[in-house]
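# A look at the structure
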Amino acid sequence: MNIKTNIALDTIAPYVPGKPIDAVKRELGLTDVIKLASNENPLGCSEKAKKAVIQALEQAALYPDSNFTDLRQKLAAQFGLLPTQFFFGAGSDGIIEMIPHAFLNHGDQAVMSATTFPLYQTNTKIAGGQCVIVPLDADYCYDLDAMAAKITPKTKIVWLCNPNNPTGTTYSKAAQEKFLAQVPHDVLVVIDEAYYEYVAQDDFPDSLALLEQYPNIIILRTFSKIYGLASMRIGYAIAHPDIIAALEKVRGPFNVSTLAQVAALASLDDPDFLQHSINHNAQNLQFLVKQFTQMGLKCLPSATNFVMVNTGVDSRVLFPQLLQKGVIVRPGHLYGMDTFLRISVGTLSECQTCVQALQDCLAEL
Ligand SMILES: *Cc1c(COP(=O)(O)O)cnc(C)c1O
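Residues numbered from 1 in each chain as written. Predicted model: local features only at pLDDT ≥ 70, side-chain atom pairs only at ≥ 80, totals over all residues. Heavy atoms only, no water.

This structure, assessed with the given rule, holds 13 aromatic pairs. Between the aromatic rings of F68 and F88, the centroid separation amounts to 4.6 Å while the plane-to-plane angle is 20°, which identifies the pairing as stacked. With F68 in the loop between α2 (47-56) and α3 (69-79) and F88 in strand β2 (residues 86-89), the pair connects residues that are 20 residues apart, well separated along the chain. For F68, a relative accessible area of 1% corresponds to the buried category. Its relative accessible area of 1% is what places F88 among the buried residues. For the ring pair F86 and Y236, a centre distance of 6.3 Å and an interplane angle of 40° mean the geometry is tilted. Of this pair, F86 sits in strand β2 while Y236 sits in strand β8 (residues 235-239), placing them 150 residues apart in sequence. A relative accessible area of 0% places F86 in the buried class. An aromatic cluster is defined as three or more aromatic residues linked by ring pairs; in this entry it consists of F68, F79, F86, F88, F223, Y227 and Y236. Seen from the ring of Y196, R221 lies directly overhead, with NZ or CZ sitting 3.7 Å from the centre. (Phe/Tyr/Trp six-rings, centres within 6.5 Å; stacked < 30°, edge-to-face > 60°. Helix = DSSP H or I, 4+ residues; strand = E, 2+ residues; numbered from the N terminus. Buried < 20%, exposed > 50% of the residue type's maximum accessible area, 1.4 Å probe, protein only. Lys NZ or Arg CZ within 6 Å of the ring centre and 35° of its normal.)

Next up, the structure:
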């Protein structure tokens, strides 16, 4: 093949998605398989969202509303912000893809953590940007001082993820404010809060409240995690209207389907489902951590719907063994944390199955 690709592609690996249940059943000849690999909501989604989607099928022949009129208005009212401060993508992945295209020129730098959501690196490189990588601290938390120290006149973007995926760890409100005060105002700070709704701690940043003081921040949220709409592909960003206006120039006109839009809209009308999901997750996360701790394994403190557990065994060895037992998890080696597994919080029965399978695997080694 003589076609030359974008040279950035030489430096990136394709995204490795969590294995789908059906693929594992087929490949390994198993009937019972559970997936605790992609931080999906084990309770599914709101019944209201399902009804809205079925109704909206009547409009399947029509292009979706490219202006997101209803959803934009609803979120603006909910958060007390302007409709022009919202932006929508096919999942927040879709927005993470657009940000470097809107804000980077060739050779510009973006600062990010070494152990975080991999799409920041991938999309920065594709857009011609240089990644400046900063390690986590000894507690597997963001080292915001070290990140601030890496900002140069070439820096255009800083990528933050709070709580962080894959560690589940958070940084505090005070740490974020100290960091933002050090960042030049012409550097865009992306704050990916995909797990925001799960966070219970008091000192977690209220990033929305900082928008006025720091017009250089953009906050990412998604309907894929607690809202249980991962297959629908819809997420949103909140920022100063000028930042949104720049992103609008790189957005494809019909990037989010009608079904996704109505599902998201209806989900916002179901606070009970959200609260139930929060409680269910808190209980089962506690169960997982307790069981792993009793097995003598260390878990990183998680503010999310997943837990990073140190098994002491290379995840390249443990991952296929767990697959054989019908349990799909996320191997830590994908994130440079070789002896860890990232395990999503499932139903209690799924968590029990996972604990048992891990116990059996470790005993067989
Ligand atoms: C899951 C996740 C996303 C994006 O999910 P979408 O389905 O594309 O909305 C973004 N950031 C982080 C950190 C995630 O874990």
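Continuing now.
Let us look at the nonpolar core. Ranked by internal contacts, the top residues of the largest apolar core, which has 75 residues, are I99, L160, F179 and I218. A total of five residues in this core trace back to one element, the largest contributor, which is strand β5 (residues 155-161). What I99 contacts, discounting residues up to four positions off in sequence, is I157, W159, L188, V190, I218, L220 and L247. One finds L36, L285, L318 and F319 within the second-largest nonpolar core, a separate group that totals 29 residues. (Core = buried A, V, L, I, M, F, W, Y, C linked by side-chain atoms within 4.5 Å. Contact = heavy atoms within 4.5 Å.)

Let us now look at the domain arrangement of the protein chain. For the protein chain, the assigned domains read domain 1 (7-44 + 272-364) and domain 2 (47-269). Taken over C-alpha atoms, the centre of domain 1 sits 24 Å from the centre of domain 2. With 27 residues of domain 1 in contact, the opposing surface of domain 2 contributes 27 residues. Summed over both sides, the interface between domain 1 and domain 2 buries roughly 2,200 Å², with carbon and sulfur atoms accounting for 69% of that surface. Together, L274, A303 and Y335 form the three largest contributors to the area buried by domain 1 at its contact with domain 2, with a combined 22%. On inspection of domain 1 and its partner domain 2, the count reaches zero salt bridges. (Domains from an automatic or database assignment. Buried area = accessible area lost by both parts, 1.4 Å probe. Salt bridge = Lys/Arg side-chain N within 4 Å of Asp/Glu carboxyl O.)

We now examine the sheet that holds β5. Strand order in the open sheet made by the seven strands is β2-β8-β7-β6-β5-β3-β4, with mixed pairing throughout. If you trace the sheet from one side to the other, it starts and ends with β2 and β4 (130-134), each paired once. Going from strand to strand, the sheet's axes swing by 20° on average, the running direction of each strand aside. Bridge count between β5 and strand β6 (residues 188-192): five bridges; the pairing is parallel. Within β6, the residue paired with V158 across the bridge is V189. Packing of α3 onto the sheet brings it into contact with β2, β7 (217-222) and β8, and relative to β2 it is tilted by some 130°. (Pairing = 2+ DSSP bridges. Axes fitted to C-alpha atoms, helices over the stretch in contact; angles between N-to-C directions.)

All of the buried residues along helix α11 (residues 315-324) are S315, L318, F319, L322 and L323. On an axial view of α11, the arc spanned by its buried residues comes to 135°, and they lie on one face. In this structure, the buried side of α11 is in contact with α1 (21-28), β11 (327-328), β12 (330-331), β13 (340-344) and α12 (348-364). A distance of 2.8 Å separates the backbone nitrogen of R316 from a side-chain oxygen at the start of α11, and that oxygen is part of D314. Trailing α11 by a residue or two, G326 shows a phi angle of about 80°, which is positive. (Arc of directions from axis to C-beta. Polar contact = N/O pair within 3.5 Å; in protein donor to acceptor, adjacent residues only side chain to side chain.)

Mapped onto the elements, S267 comes out in helix α9 (residues 258-267). For S267, the side chain forms a polar contact with the main-chain oxygen of A263, separated by 2.8 Å. Among residues more than four places away in sequence, those in contact with S267 are A49, Y227 and L229.

Around the ligand, 13 residues are found, and the nearest of them are D192, Y195, T222, S224 and K225. Taking Y195, its side chain carries an N or O atom lying 2.6 Å from an oxygen atom of the ligand. Separating an oxygen atom of the ligand from a side-chain N or O atom of R233 is a distance of 2.7 Å. Burial of the ligand by the surrounding chains reaches 94%, relative to a free accessible area of 380 Å². The class makeup of the residues in the shell around the ligand is four nonpolar, five polar and four charged. (Near = heavy atom within 4 Å. Areas by Shrake-Rupley, 256 points an atom, 1.4 Å probe, with all protein chains shown as cover. Nonpolar A, V, L, I, M, F, W, Y, C, P; charged D, E, K, R; others polar.)

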